[in-house]
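# Structural overview for review
These are the residues of each chain, in order.
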Amino acid sequence: MDSLFGEEAPAREAIAEGATLLRGFANVSAQRLMDDLAKIVAVAPFRHMVTPGGFRMSVAMTNCGQAGWVSDAKGYRYDAGDPVTRMAWPAMPPSFHQLAASAAREAGYPGFEADACLINRYQPGARLTLHQDRNERDYRAPIVSVSLGLPAVFLFGGASRKDRPRRMLLASGDVVVWGGATRLAYHGIASLKDGDHPLTGRCRINLTFRKAL
Ligand code: MD3
Ligand code: FE
């Protein structure tokens, strides 16, 4: 027996008030997620969005679900349509939706129904500077994040941008559920180190599931 809780117990790690790390939780579904991602990207390709300040983001992004996160000269927001194709974002595949719901339930958020999934692609050197996720309507719902492919150093700050961030390594299959007191914490991703991963090749993919509407 691995532990008092037996072989079935998931590795559930409290990392802060309201935030739970589920190490390897997505490993069993990772190949299915990648296959479904390929279909999304065929319709809504990865693109480098521009910040309201005029900077091209090093992370390439796309979305699926009822709404997608977009950034341009006018600001950050959720939009029902893809500004590149002028079509609705692709529907969220059941594999995505179900993984998000089961991770949220595991972390103490039963009934989580994501309506938006932001998909981030990091190639070597790409990074995400410290920010808060504040474009969603209801901060009571958690955000579920899924890491696939190359590992990344996650920067986990506090309620103020000045709080010195903790550094945590996120590996392929790791899922983190961010709710409660951490929902508005500053966070980011350090510059991605080069490497090659059997699932994704030379990149890291991150899925963030949100209740945006
Ligand atoms: C903590 N993505 O898309 S996921 C983002 O790895 C984003 O691509 C990062 O930050 C990535 O907005 C980090 C982990 C994450 C996501 C949302 C959070 C951590 C969070 C919201 C609140 C607090
Ligand atoms: Fe974020």
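See above for the structure.
How each quantity is defined
Residues numbered from 1 in each chain as written. Chains lettered and ligands numbered in written order. Predicted model: local features only at pLDDT ≥ 70, side-chain atom pairs only at ≥ 80, totals over all residues. Heavy atoms only, no water. Helix = DSSP H or I, 4+ residues; strand = E, 2+ residues; numbered from the N terminus. Rg over C-alpha atoms; globule rule 2.2 N^0.38 Å. Contact = heavy atoms within 4.5 Å. Areas by Shrake-Rupley, 256 points an atom, 1.4 Å probe, with all protein chains shown as cover. Lys, Arg positive; Asp, Glu negative; His and termini not counted. Charge placed at Lys NZ, Arg CZ, Asp CG, Glu CD. Pairing = 2+ DSSP bridges. Axes fitted to C-alpha atoms, helices over the stretch in contact; angles between N-to-C directions. Donors = N, O, S within 2.8 Å, 3.2 Å for Na, K, Ca; no water. Buried < 20%, exposed > 50% of the residue type's maximum accessible area, 1.4 Å probe, protein only.

### Here we look at the overall build of the protein
Helix and strand counts for the protein come out as two helices and 13 strands. In terms of overall dimensions, the protein is globule-like: its C-alpha atoms have a radius of gyration of 16 Å, near the 17 Å expected for 213 residues. Overall, the protein is about 55 × 40 × 35 Å in size when its C-alpha atoms are taken along their principal axes. Summarising the internal contacts of the protein: among those between residues at least 6 apart in sequence, 73% fall at separations of at least 24. Of the accessible surface of the protein, which amounts to about 10,800 Å², a share of 53% is contributed by carbon and sulfur atoms. Taken as two groups, the 26 positive and 20 negative side-chain charges of the protein have centres that lie 8 Å from each other.

### Brief notes about the sheet that holds strand β12 (residues 187-189)
Pairing is antiparallel in the open sheet, where four strands are placed in the order β7-β12-β9-β10. A single partner strand is all that each edge strand has here, and the edge strands are β7 (128-131) and β10 (166-170). Neighbour-to-neighbour, the strand axes of the sheet open up by a mean angle of 20 degrees, direction not taken into account. As defined by bridge partners, strand β9 (residues 152-156) adjoins β12 across three bridges and the pair is classed as antiparallel. By the bridge assignment for β12, F156 is matched with H187.

### Concerning the coordination of the iron ion (ligand 2)
In the first shell of the iron ion (ligand 2), the protein supplies H131 (NE2), D133 (OD) and H187 (NE2), at 2.0 to 2.2 Å from the metal. Take D133: its relative accessible area is 9%, and that puts it in the buried class.

### What to know about the environment of V84
On the secondary structure map, V84 appears in the loop between β5 (75-79) and α2 (94-106). Judged by its relative accessible area of 53%, V84 falls in the exposed class. Note: C-alpha distance between V84 and E17 (67 residues apart in sequence) is 38 Å.

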